[in-house]
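# Report on the structure
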Amino acid sequence: MRIDILSVLPDLLRSPLEHSIMKRAQQKGLLEVHLQDLRAYGLGKHKQLDDYQFGGGAGMVMRLEPVVNCIEQLQAERTYDEIIYMTPDGVRLDQGICNQLSMQQNIMILCGHYKGIDERIRTHFITREISIGDYVLSGGELPAAVLVDSIGRLLPGVLNDETSALFDSFQDDLLAPPVYTRPAEFRGWKVPDVLLSGNFKEIEKWRYEKSLQRTQERRPDLLDGDED
Ligand code: ADE
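Residues numbered from 1 in each chain as written. Predicted model: local features only at pLDDT ≥ 70, side-chain atom pairs only at ≥ 80, totals over all residues. Heavy atoms only, no water.

### Observations concerning the site of the ligand
For the ligand, the full set of nearby residues is Met86, Thr87, Pro88, Ile130, Ser131, Ile132, Gly133, Tyr135, Val136, Leu137, Gly139 and Pro143. In this structure, a nitrogen atom belonging to the ligand sits 3.0 Å away from a main-chain N or O atom of Ile132. Within the backbone of Gly133, an N or O atom sits 3.2 Å from a nitrogen atom of the ligand. Here the ligand loses 96% of its free accessible area of 260 Å² to cover by the protein chains. The set of elements that each furnish at least two residues to the shell around the ligand consists of β5 (82–92) and β7 (128–131). Counting residues per element, the shell around the ligand draws most heavily on β5, which supplies three residues. (Near = heavy atom within 4 Å. Polar contact = N/O pair within 3.5 Å; in protein donor to acceptor, adjacent residues only side chain to side chain. Areas by Shrake-Rupley, 256 points an atom, 1.4 Å probe, with all protein chains shown as cover. Helix = DSSP H or I, 4+ residues; strand = E, 2+ residues; numbered from the N terminus.)

Here it is in structure tokens:
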């Protein structure tokens, strides 16, 4: 899978992509991430990217020409399945969206800045608008890193059996059960007996019950089949 991220601050994205599972996915050739520096498409001597908004009001708006030029240059090289805009007024990201996107070949992710992007980019190019939660960040880079990580780890071959995404929270609308490692006792705090029993049927049952209990307590909405 290839992901192009269009940003005015591509450096913000480097570190999250250079470690751990994202690093492994790229080293294995399963994921290619290309950072596109929008400054290179800026206008005039100062490589301008933003401007005052028509109608007045505080805050600058990302101009459309640099973004359109970058998008169209990439589109001339390959077909993109999705052009995603990271924005707090998008659809809230969930595991279902991550699963869908992980099946695509080529996607572009546009990171917003300033007050936002000229609406005409959204109307004419963007296929999906995604928010990572009901709070506002300074730009779309951290949300884009979240999206790439959540998709990248789902690509076949990225995770080994041990860390398989099938057992993640949300994958079956249940939160993950508690986990423990050595020592079996610390300051009198004991690991549940069943996990030490070697009885895998009982262990599976215990994990399922704990998942259900945790979901009921923390996220009853998931059990209702209610997205919100
Ligand atoms: N840009 C700023 N805040 C954001 C959010 N919550 N989700 C996605 N993009 C954003």
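This is not the end of the story, as more comes after the structure.
### Structural notes on the nonpolar core
In terms of nonpolar packing, the biggest core is built from 29 residues, with Ile3, Ile5, Leu31, Ile130, Leu147 and Val148 touching the most fellow members. Among the secondary structure elements, those contributing two or more residues to this core are β1 (2–7), α1 (11–17), α2 (20–27), β5, α4 (95–101), β6 (106–111) and α6 (141–152). Counting residues per element, this core draws most heavily on α6, which supplies five residues. Filtering out sequence-adjacent residues up to four positions away, Ile5 remains in contact with Leu13, Leu17, Val33, His34, Leu35, Gln36, Ile109, Cys111, Ala144 and Val148. Counting 20 residues, the second-largest nonpolar core is a separate cluster that includes Leu38, Leu49, Met62 and Ile117. (Core = buried A, V, L, I, M, F, W, Y, C linked by side-chain atoms within 4.5 Å. Buried < 20%, exposed > 50% of the residue type's maximum accessible area, 1.4 Å probe, protein only. Contact = heavy atoms within 4.5 Å.)

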